[in-house]
Amino acid sequence: MSSSPVSSTPVLRTVLIWSAVVTGALLVVAAVVGFLVAGTTGLWSALLGVLLAALFLGITAASILIANCWYGDPLYVPIFFGIVLGGWILKLVLFIVALIVLRGQPWIEPMVFFVAVVVSVLASLVVDVVVLTRMRIPHVSDTTLPTTVEEPDAAPRASGSSRSSESDADAEGRGA
């Protein structure tokens, strides 16, 4: 796997990997808890809630990773924002379609579904925070910063004065 020049790429890859692991664990826990709370209806509601949350949360990270493939291209910025905005629009459309399709379904337990979505979103936020605080993003450390360069025969400048150099000479000649 080649190293990307974009510093967000390794972070987002790690977020996606850990999110997949946490989603897998949440699917097992949600299935058991959903089944214990509301039977088969609770099981399917919990599984669907976790999967939908994982899908929606993964679209943003995936769209940024896809957009980073164009880094270095003269059109990188418009391509990047077009892909990311397209991902957000896709999430909005999928969310509306999911709400319309799932509304009133007899095999959905609304409270189990809601709790599964909320727990999944919170778990995803925890993954994001942990990954971002523990990632070591490379930075430039062997660069010398510019220093002040003194001009060799530079005359002192009048601070805040708008007088011309002729009026300065006149003032010095009068002893002022």
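Every chain is numbered independently, its residues counted from 1 as its sequence is written. Only residues with pLDDT of at least 70 get local features here, since the model is predicted, and only at 80 or more are side-chain atom pairs given and counted; chain-wide, interface and lining totals rely on the full set of residues. The basis for the side-chain values is all heavy atoms of the structure; hydrogens and waters are excluded.

**Examining the overall build of the protein**
Every helix listed is a DSSP run of H or I at least four residues long, and every strand listed is a run of E at least two residues long, numbered separately from the N terminus. The helix and strand tally for the protein stands at 4 helices and 0 strands. What you see in the protein, going N to C, is helices and strands ordered as α-α-α-α. Only protein chains enter the accessibility calculation, which uses a 1.4 Å probe; a residue is then buried when its area is under 20% of its type maximum, exposed when over 50%, and partly exposed in between. Each of the 176 residues in the protein was classed as buried or not, and the buried ones make up 26%. Working rule for contacts: check all heavy atoms of both residues, and any pair within 4.5 Å makes them a contact. Expressed as a percentage of contacts within the protein between residues at least 6 apart in sequence, the contacts between residues at least 24 apart total 73%. For the protein, the accessible area works out to roughly 12800 Å², and carbon and sulfur atoms hold 69% of it. For every accessible area listed, the method is Shrake-Rupley and the probe measures 1.4 Å; residues are considered covered only by the protein chains on display.

**Some details on helix H1 (residues 8-67)**
For H1, built from 60 residues, the straight-helix expectation of 88 Å at 1.5 Å per residue is missed by more than 12%, its first-to-last C-alpha distance being only 11 Å. Take the seven residues that end at a residue and the seven that start at it, fit an axis to each, and the angle between those axes is the bend at that residue. Bending of H1 peaks at approximately 145° at the position of Ala38. How far a helix is expected to stretch is found by multiplying one less than its residue total by 1.5 Å.

**A word on the packing of H1 against helix H3 (residues 110-134)**
Where H1 contacts H3, the axes come no closer than 9 Å and their chain directions differ by 160°. The angle between H1 and H3 falls in the class roughly antiparallel. For the crossing formed where H1 meets H3, the hand is right-handed. Axis definition: a line fitted to C-alpha atoms, limited for helices to the stretch in contact. Angles are taken between N-to-C directions and run from 0 to 180 degrees. Between 65 and 115 degrees an angle is taken as roughly perpendicular, under 35 as roughly parallel, over 145 as roughly antiparallel, and anywhere else as oblique. Helix crossings get a hand from a simple test, with the near helix turned counterclockwise from the far one by less than a right angle marking a left-handed crossing and a clockwise turn marking a right-handed one.

**Topic: the environment of Leu27**
In this structure, Leu27 sits in helix H1. With a relative accessible area of 22%, Leu27 lands in the partly exposed category. In this structure the C-alpha to C-alpha distance between Leu27 and Gly49, which are 22 residues apart in sequence, comes to 9.2 Å.

**Remarks on the packing of aromatic side chains**
Only centres within 6.5 Å qualify two rings of Phe, Tyr or Trp (six-membered ring in Trp) as a pair; their planes then separate them into stacked at under 30 degrees, edge-to-face at over 60, and tilted for everything else. One pass over the full model with this rule turns up 4 aromatic pairs. With a centroid separation of 5.3 Å and 90° between ring planes, the pair formed by Phe80 and Phe81 is classed as edge-to-face. For Phe80, a relative accessible area of 17% puts it in the buried group. By relative accessible area, Phe81 is classed as exposed at 53%.

**Here we look at the side chain of Asn68**
Within the secondary structure, Asn68 is located in the loop between H1 and helix H2 (76-102). Since its relative accessible area comes to 6%, Asn68 is described here as buried. We define a polar contact as two N or O atoms separated by no more than 3.5 Å, with the added condition that, inside protein, one atom must be a possible hydrogen donor and the other a possible acceptor, whereas residues neighbouring each other in sequence contribute only through side-chain atom pairs. Looking at Asn68, its side chain comes within polar contact range of the side chain of Thr9, at 3.1 Å. Among all residues touching Asn68, those that are not within four sequence positions of it are Val6, Ser8, Thr9, Tyr76 and Phe80.

**A short note on the nonpolar core**
By convention a nonpolar core is built from buried Ala, Val, Leu, Ile, Met, Phe, Trp, Tyr and Cys residues, the set being connected through side-chain atoms within 4.5 Å. Listed in full, the 9 residues of the largest apolar core are Val6, Leu12, Ala61, Ile64, Leu65, Ala67, Tyr76, Phe80 and Val84. Sorting the residues of this core by element identifies H1 and H2 as the ones contributing at least two each. Counting residues per element, this core draws most heavily on H1, at 5 residues. Apart from residues no more than four positions distant in its own chain, Tyr76 is found in contact with Val6, Ala67, Asn68, Trp70 and Tyr71.

**Here we look at a nonpolar patch on the surface**
Each patch is assembled from residues with relative accessible area greater than 30% and no salt bridge, linking like charges that lie within 9 Å and nonpolar side chains (Val, Leu, Ile, Met, Phe, Trp, Tyr) that lie within 5 Å. Whenever a carboxyl oxygen of Asp or Glu lies within 4 Å of a side-chain nitrogen of Lys or Arg, that contact is scored as a salt bridge. A cluster of nonpolar side chains, Leu57, Met111, Phe114, Val115, Val118, Val119, Val121, Leu122 and Leu125, forms an exposed patch at the surface whose accessible area comes to about 760 Å². Top element by residues in the nonpolar patch is H3. It accounts for 8 residues. The residue Val119 is located in helix H3 in this model.

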